[in-house]
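Summary of structural features
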Amino acid sequence: MRILKIKDCFFIGLFLLGIQQIGVAQIGKVNIQQDAKIPNLLEMKSEMTKDGKFGDRYKIQLYYGDNNSASEVIKEFRSLHSEWPSQIIYETPNYKVWIGNFRNRLEADRALMKVKGDFPSAFIPKPQRD
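Notes on the structure in this doc start here. (Residues numbered from 1 in each chain as written. Predicted model: local features only at pLDDT ≥ 70, side-chain atom pairs only at ≥ 80, totals over all residues. Heavy atoms only, no water.)

Observations concerning the pattern of salt bridges
Basically, it comes down to this: Whenever a carboxyl oxygen of Asp or Glu lies within 4 Å of a side-chain nitrogen of Lys or Arg, that contact is scored as a salt bridge. Think of it in three bands: residues with accessible area under 20% of the maximum for their type are buried, residues over 50% are exposed, and the middle band is partly exposed, with areas taken using a 1.4 Å probe on protein chains only. Under the scheme used here, helices are H or I runs from DSSP no shorter than 4 residues and strands are E runs no shorter than 2 residues, and both carry numbers assigned from the N terminus.
Summed over all chains, the structure comprises two salt bridges. With a closest N to O distance of 3.0 Å, Glu 91 and Lys 96 form a salt bridge. Using a relative accessible area of 10% as the deciding quantity, one classes Lys 96 as buried. Arg 105 is the partner of Asp 109 in a salt bridge, and the nearest nitrogen-oxygen pair spans 3.2 Å. Of the two residues, Asp 109 and Arg 105 both sit in helix H4 (residues 105-115), four residues apart, roughly one turn of that helix. Residue class for Asp 109 comes out partly exposed when judged on its relative accessible area of 29%.

Listed below in structure tokens is the structure:
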């Protein structure tokens, strides 16, 4: 195998530099056209995300059992704590009392600490993916 001389290396380097200059990519222009409804849809999605209709949300479960007891628990909760929304969910054959619609686990934990004094069996179930 022959070792290249400095003069040969210089010419090869010059040749490669010339090829690189010729092969430079062309500058292009991109024109994006979008439907006028897309910004409205994005705004609606962000509002729905804030309202908790999308994504994982944390809730606190206060009660699991029959309907009459669930109604009593939710009335008691609403009289003591009105800062969080509350609802009764039916899951065959029992009813659940859920409160809140928390964005993250930290918010739910803070609320749970406040509620635990009045409802010692309260806990945070794992959020379900819809």
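A look at the sheet that holds strand E2 (residues 86-91)
Selection criterion: In this description, strands pair whenever DSSP reports at least two bridges between them. In this analysis, axes come from line fits to C-alpha atoms, helices being fitted only over the stretch in contact, and the angle between any two N-to-C directions falls in the range 0 to 180 degrees. Contact criterion: two residues are considered in contact whenever any of their non-hydrogen atoms come within 4.5 Å of each other.
Taken in spatial order, the three strands make up an open sheet running E1-E3-E2, and their pairing is antiparallel. This sheet does not close on itself; its edge strands, each paired only once, are strand E1 (58-65) and E2. For this sheet, the mean inter-axis angle between neighbouring strands, taken without regard to orientation, is 30 degrees. The pairing of E1 with strand E3 (residues 94-102) spans six bridges and is antiparallel. The partner of Tyr 63 across the bridge, within E3, is Val 97. The sheet contacts of helix H3 (residues 67-80) involve E1, E2 and E3, and relative to E2 the element is tilted by about 165 degrees. Contacts from H4 reach E1 and E3, with the element oriented near 40 degrees to E1.

A few points about the packing of aromatic side chains
To keep it simple, the criterion reads: Two rings from Phe, Tyr or Trp (for Trp, the six-membered ring) form a pair when their centres are within 6.5 Å of each other. A pair whose planes differ by under 30 degrees is stacked, one over 60 is edge-to-face, and the rest are tilted.
Taken as a whole and judged by the stated rule, the model has four aromatic pairs. Where Phe 10 meets Phe 11, the ring centres are 5.8 Å apart and the plane angle is 65 degrees; that geometry is what we call edge-to-face. A relative accessible area of 53% places Phe 10 in the exposed class. Between the aromatic rings of Tyr 90 and Tyr 95, the centroid separation amounts to 4.8 Å while the plane-to-plane angle is 50 degrees, which identifies the pairing as tilted. With a relative accessible area of 22%, Tyr 95 lands in the partly exposed category.

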